[in-house]
Amino acid sequence: MKLASLRKTEHLTLVTLALGSQTLAVPADVLREILDPLPVTRVPGAGAFVPHVVNVRGSVVPLANLKIALGIPEAGVDDRSRILVLEIPLDGEPALVAIQADAVHEVTTIETLRIERVPETASLWPPEYLIGLYKGAEGFVLLPDLPAIFSAQTSQAAAA
Amino acid sequence: MKFTIKTKLGAIFAFVFLLSGISAVMALRDLKASNDSITELVASDVLRMLTAEDLITQELLLQVNLRESLVDPSVPDAGRPARMMADREAIHAQIDKDLQVMRDTLPPEQIPLLDAYIVEHEKNAELADRILKLNASGQSAAANDLLLGDALAYEVENNDAIEALRNAVHEESNAAVALVNEEYANARVMLIGMLVASLLVGSVSAAFVVLSISGRMKQCIELATAVASGDLRRTMATKGNDEVAQLQETVNEMVLKLREVVGNVSMAVRNVASGSAQMAATSEQLSQGATEQAASTEEASASVEEMSANIKQSADNAQITERMALKSAEDARTSGKAVADAVDAMQTIADRIMIVQEIARQTDLLALNAAVEAARAGEHGRGFAVVAAEVRKLAERSQTAAAEISSLSASTVRTAASAGEMLLGLVPDIEKTSALVTEISAASRELATGSAQISMSIQQLDKVTQQNTSASEEMSSSATELASQSDALAAAVEFFKIDDAGANGVIIGNGRMRPAASVAAARQPALPRKPLRNDGGFDFDLAGDGDENDANFKRRDAA
């Protein structure tokens, strides 16, 4: 998903979440459910990005760790930790994935114009993983390009 | 060898007894000799004499018989010649027996006299036989002639011979008597000599012994008399080694010992005098000290009573404190329990708050999901989104409040727990305090008892001190009395003179006595010096010149 496609609409509803010290936002329409931490099952031979699967109402859903992809240090699980169940297109098909979040802040609606492109020179982030960012109340909020991250990580894992 | 009186007297008596014994033995021997002589005299000499006399008689009887035989009686008697003959035979038998006796008993030197007599006797007898035969044959005239002729001559010779024998025997017995008399005289002389010797030896020895004893006894008596009159300066020279000498030595020793004893006694008297003076002074000081002691004791008694009251007050206070401390401990224990209950209640509250918190959290999550759903519903879900946002806010607020309550209750629990611990920690301290106060209370009670005893003891001490005071005063007077008694004793001991310094009594003299007595008198000016012998009277001094009042009496007299 590109920024240009986002700008087709005037407003965008986002759910903000915290990963480490960073605040991320995912679009509300891909979010299926927010859950308390669940018992996880380790998948033998799985990579560091998707090491576990969880049982969400009977469906087996892979649990991804965005911190690996985004290079954010691990901080452990506390009572604010949540699991977000997303439905995102992977290889042209919608698929259910779950990501871990240190906290889920709020559901907010912003003007798409406020979303800015990530500077190309920023070396901290792989530029293709982010759609853009905007200024929130407490600093920048990053919008990750989840299909890109998943496909990239999956291909890396396959290559490995 | 020790010549004691016993030995001397024994020797003397033994000597005298020896002499007496010798005398007695000699007397006995002489007596025995006399007895023998007399027995001899009686047994042989007298027998011989009698036999000789009997022979003479028998000769005369023979001659008478011969003459009778020649005479014819006027009345014829046929048996007469035979009877006469028988008589004659009997006389001859008697003569033979006598002759035999003479022959047996006569000393040998007189045997010839006997033989001469026997010759005459047989010649005479043969003549008599012839005459009798003539007469028997009827020739009486011839017989008469023969008788008046030869027979008379023969008879004279015969009688002479027998008389010579008798005289010899008589002389011999006279000689024997003279021998006995001589022996008696010898024995008498010997016995008298012995008696004189015994008397001499006995009297000389007795005089010697008596003189030697009496002289030294006299010395002893003189010395004893001197001692009796108090003179101990002399002793006597001793000689010999008998009982009297021992008596002398003993008396000498006695005098020496008495001298020593009197010396010691006089020294002791001096010491007693000075000691009694010192004692008087000391007892005076003692009396003073005892008085001071009595005053101090009364002060101490008052102090101790005050102290006793304070101690009793302390004991009462300690008992009250003890009760309070026990109550405090009980209260602290109750408070601790209450705090523990409160802590439990807080814990329960915290648990309940956790549930509320969980509910709030889940409500928050539900509200978030609802918001997400509302957002996905787009315009249709806008109102629902608002409600979800409000619900979420409420949930967050309740969560915050619950968290605050939780932290508050946690801190309250901590505080209460620490308060409970502190209270529980307080309990042993309070109990310890209570125990200490109990001990203090007991100690105070003991102190109270002890102080009461001390008070009693001090009262006794006070009593004893008063007794001491009176006793020391008595002792003071006794010491004065003792000083005067030692004066008297010194005067009594002065009686003995133990050296040539004489009756002045340098050793036991009054010169040394005076200071002690005067000290005693000086220390007791109130007490008049007691007379040496208190016989219950007064001594009026009438020898003095009198005073001015005497003149008044005279004037009164004159008026």
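Just so you know, these numbers come straight off a predicted model, no measurement behind them.

The rules behind these values
- Residues numbered from 1 in each chain as written.
- Chains lettered and ligands numbered in written order.
- Predicted model: local features only at pLDDT ≥ 70, side-chain atom pairs only at ≥ 80, totals over all residues.
- Heavy atoms only, no water.
- Helix = DSSP H or I, 4+ residues; strand = E, 2+ residues; numbered from the N terminus.
- Buried < 20%, exposed > 50% of the residue type's maximum accessible area, 1.4 Å probe, protein only.
- Contact = heavy atoms within 4.5 Å.
- Areas by Shrake-Rupley, 256 points an atom, 1.4 Å probe, with all protein chains shown as cover.
- Phe/Tyr/Trp six-rings, centres within 6.5 Å; stacked < 30°, edge-to-face > 60°.
- Core = buried A, V, L, I, M, F, W, Y, C linked by side-chain atoms within 4.5 Å.
- Pairing = 2+ DSSP bridges.
- Axes fitted to C-alpha atoms, helices over the stretch in contact; angles between N-to-C directions.
- Parallel < 35°, antiparallel > 145°, perpendicular 65-115°, else oblique.
- Nonpolar A, V, L, I, M, F, W, Y, C, P; charged D, E, K, R; others polar.
- Salt bridge = Lys/Arg side-chain N within 4 Å of Asp/Glu carboxyl O.
- Buried area = accessible area lost by both parts, 1.4 Å probe.
- Polar contact = N/O pair within 3.5 Å; in protein donor to acceptor, adjacent residues only side chain to side chain.

Asks: Just to check I follow, could you spell out the overall build of chain B for this structure?
Replies: Each helix and strand in chain B was counted, giving eight helices and zero strands. In sequence order, the secondary structure elements of chain B are arranged as α-α-α-α-α-α-α-α. Within the span of chain B, comprising 559 residues, buried residues form 30% of the whole. Partitioning the contacts of chain B with sequence separation of at least 6, the portion at a separation of at least 24 is 81%. Looking at chain B as shown, the accessible area adds up to about 34,800 Å², and 62% of this sits on carbon and sulfur atoms.

Asks: What exactly am I supposed to notice about the packing of aromatic side chains here?
Replies: The way to describe two aromatic rings as a pair is by their centre distance and the angle between their planes. All names here are of chain B. If you walk through the whole model with that rule in mind, you get three aromatic pairs over all chains. Look at Phe 13 and Phe 17: their rings are 6.1 Å apart centre to centre, the planes differ by 25 degrees, and that puts the pair in the stacked class. Of this pair, Phe 13 and Phe 17 both sit in helix α1 (residues 5-70), four residues apart, which is roughly one turn of the helix. A ring pair is formed by Phe 495 and Phe 496, whose centres lie 5.2 Å apart and whose planes are at 70 degrees; its orientation type is edge-to-face.

Asks: Where do I start with the nonpolar core in this structure?
Replies: For soluble globular proteins, the rule of thumb is that nonpolar side chains tend to be buried together. Within the largest apolar cluster, 34 residues are counted, with the highest numbers of intra-cluster contacts made by Ile 34, Leu 66, Leu 70, Leu 84, Leu 86 and Phe 150 of chain A. At four residues, helix α3 (residues 146-159) of chain A tops the list of elements feeding residues into this core. Residue contacts for Phe 150 of chain A: discarding those within four places in its chain leaves Phe 49, Ala 64, Ile 88, Leu 90, Val 97 and Ile 99 of chain A. By size, the runner-up hydrophobic cluster in this structure holds 17 residues, among which are Ala 52, Leu 55, Ile 56 and Leu 99 of chain B.

Asks: Help me understand the sheet that holds strand β7 (residues 82-90) of chain A, please; the structure alone is not making it clear to me.
Replies: Two modes of strand pairing occur in sheets, parallel and antiparallel, and in both the strands are linked by backbone hydrogen bonds. All names here are of chain A. Reading across from one edge, β3-β7-β8-β6-β5-β4 is the order of the six strands in this open sheet, with mixed pairing throughout. Strands with a single pairing partner mark the edges of an open sheet, and in this sheet they are β3 (31-35) and β4 (40-42). Direction aside, the axes of adjacent strands within the sheet are offset by 35 degrees on average. In this sheet, strand β8 (residues 93-101) lies alongside strand β6 (residues 59-64) in parallel orientation, the contact comprising two bridges. Along β8, the bridge assignment pairs Ala 64 with Ile 99.

Asks: Just to check I follow, could you spell out the side chain of Gln 58 of chain B for this structure?
Replies: Counting through the fold element by element, Gln 58 of chain B comes out in helix α1. Once residues within four sequence positions are removed from consideration, Gln 58 of chain B is found in contact with Ile 91, Gln 94, Ile 95 and Asp 98 of chain B.

Asks: Please clarify how the packing of helix α2 (residues 80-105) of chain B against helix α3 (residues 111-136) of chain B should be interpreted in this entry.
Replies: Relative placement of two packed helices is described by the angle separating their axes and the distance separating the axes. All names here are of chain B. One can describe the packing of α2 onto α3 by two numbers: an axis separation of 12 Å at closest approach and a directional angle of 170 degrees. Taken together, the axes of α2 and α3 are roughly antiparallel relative to one another. Along the contact surface, α2 presents Met 85, Arg 88, His 92, Ile 95, Leu 99, Met 102 and Arg 103, while α3 presents Ile 111, Leu 114, Asp 115, Tyr 117, Ile 118, His 121, Ala 125, Ala 128, Asp 129 and Leu 132. Among the residues forming the contact of α2 with α3, the class breakdown is eleven nonpolar, two polar and four charged.

Asks: Help me understand the pattern of salt bridges in this model?
Replies: Once their charged atoms are close, side chains differing in charge can pair, the charge on each being opposite to the other. All names here are of chain B. In this structure the tally under the stated criterion is 26 salt bridges over all chains. One salt bridge connects Lys 327 with Asp 331, and the closest N-O pair in it is separated by 3.6 Å. In this pair, Lys 327 and Asp 331 are both assigned in helix α5 (residues 243-377), four residues apart and thus about one turn of the helix distant. With its nearest N and O atoms 3.7 Å apart, the salt bridge here joins Glu 373 to Arg 376. Separated by three residues within a single helix, Glu 373 and Arg 376 lie in helix α5, roughly one turn from each other. Here Glu 373 falls in the partly exposed class, since its relative accessible area comes to 41%.

Asks: Explanation requested: the interface of chain B and chain A in the structure shown.
Replies: A common way to report how large an interface is uses the accessible area buried once the components associate. In this complex, chain B contributes eleven residues to the contact, which on the side of chain A involves 16 residues. Interface of chain B and chain A: buried area, both sides summed, is about 1,100 Å²; carbon and sulfur atoms make up 52% of it. Three residues, Arg 361, Leu 365 and Arg 376 of chain B, lead the burial of chain B against chain A; their summed loss comes to 43% of the area buried on that side. Between chain B and chain A we count one salt bridge in total. At the boundary of chain B with chain A, the tally comes to five residue pairs in polar contact (both at pLDDT 80 or more). Looking at which element gives the most residues to the side of chain B that touches chain A, the answer is α5 of chain B, with ten residues. For the side of chain B that touches chain A, the residue count by class is five nonpolar, one polar and five charged.

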